Each structure stands twice: as structure tokens, then as C-alpha cells.
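# Observations on the model geometry
Each chain, written out:
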Amino acid sequence: MSTNVILVCLLVGTVNYLFRYLPLRIGARQKPGPKSGPLSRVLDSIGIASICALLVVSSTPEILRDQQKLLPSLAGFVLLALIFWRTKSIIIATLTGALVYGLVFKVMLLAAG
């Protein structure tokens with residue numbers, strides 16, 4: 001097994017774990033409400049954790065083949081995380097991240113050609 005595959009697996013596993021662990025840690029400081037228990041926070045974080053894990057796993061081979069795709073992928077991932085953090089909507093965050101990926105990639109192609 002190649003070192004790259006092991007590193008990607010460790011990275012995806014760590015990020016996935018943090019997406020499940022951090023809401024429990026951060027949410028423990030907030031005052032309790034009707035939907036703020038530990039199970040609720042874990043279930044709320046599963047959507048974004050799944051999207052981010054899929055993003056890393058699917059984009060890593062593309063980035064290794066074509067280094068030009070690193071910047072669009074990072075821009076899409078950062079915006080996905082920021083939009084989800086602000087809106088808590090996985091749909092809006094995913095669509096915005098994909099749109100930004102496409103726009104950055106298109107601008108880079110136009111600038112290079």
C-alpha cells in the first residue's frame with residue numbers, strides 16, 4: 001500500500017473524528033435547550049462530516065494528478081465549512097462550495113489560456 005493512501009486515510013479519519021467530537025465539546029459550554037443534547041449535536045454534525053470526507057477522498061486523486069486543482073478544491077472546502085458554520089444548512093453549503101470550485105477553476109483556466 002502506498003504512503004499517499006495511508007496519509008489520505010489518516011487525514012480523512014482525523015477530520016471525520018473531529019467533526020463528530022468538536023460539536024460535543026463546543027456544545028457542552030452552551031446552555032441546554034430542547035434540541036441541544038449530545039445526541040442531537042452528533043446527528044447534526046454527521047451531514048457535514050460526510051460531505052467533507054467525500055470531498056477529501058474524491059479530490060485527492062485529482063489533485064495528485066493535476067496540481068492546478070488544489071486551489072479550487074481548497075476554496076470550495078473553505079467556503080463549504082464557513083457557509084455550514086453560519087447557516088447550519090448542508091444543502092446551501094454544498095451547493096455554494098461546488099459553485100465556488102467551478103468558478104475558481106474556470107477563472108484559473110481563463111487566466112492560463
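Everything discussed here concerns the structure shown above.
The structure reproduced in this document is the subject of the present report.

Analysis parameters
Residues numbered from 1 in each chain as written. Predicted model: local features only at pLDDT ≥ 70, side-chain atom pairs only at ≥ 80, totals over all residues. Heavy atoms only, no water. Phe/Tyr/Trp six-rings, centres within 6.5 Å; stacked < 30°, edge-to-face > 60°. Helix = DSSP H or I, 4+ residues; strand = E, 2+ residues; numbered from the N terminus. Buried < 20%, exposed > 50% of the residue type's maximum accessible area, 1.4 Å probe, protein only. Lys NZ or Arg CZ within 6 Å of the ring centre and 35° of its normal. Expected span 1.5 Å × (residues − 1). Contact = heavy atoms within 4.5 Å.

## Description of the packing of aromatic side chains
- Inspection of every chain in the model, using the stated rule, returns one aromatic pair.
- For the ring pair Tyr101 and Phe105, a centre distance of 6.1 Å and an interplane angle of 5° mean the geometry is stacked. Of the two residues, Tyr101 and Phe105 are both situated in helix 4 (residues 90–112); the distance of four residues between them amounts to about one turn of the helix.
- Tyr101 gets classed as partly exposed once you look at its relative accessible area, which sits at 29%.
- Here the guanidinium or amino end of Lys88 rests over the ring plane of Phe84, the centre of that ring lying 5.8 Å away.

## Let's talk about helix 4
- The terminal C-alpha atoms of helix 4, which comprises 23 residues, lie 33 Å apart, in line with the 33 Å expected from a rise of 1.5 Å per residue.
- Inspection of helix 4 places Ala93, Gly97 and Val100 among the buried residues, and these make up the whole buried set.
- Buried-residue contacts for helix 4 involve helix 3 (70–87).

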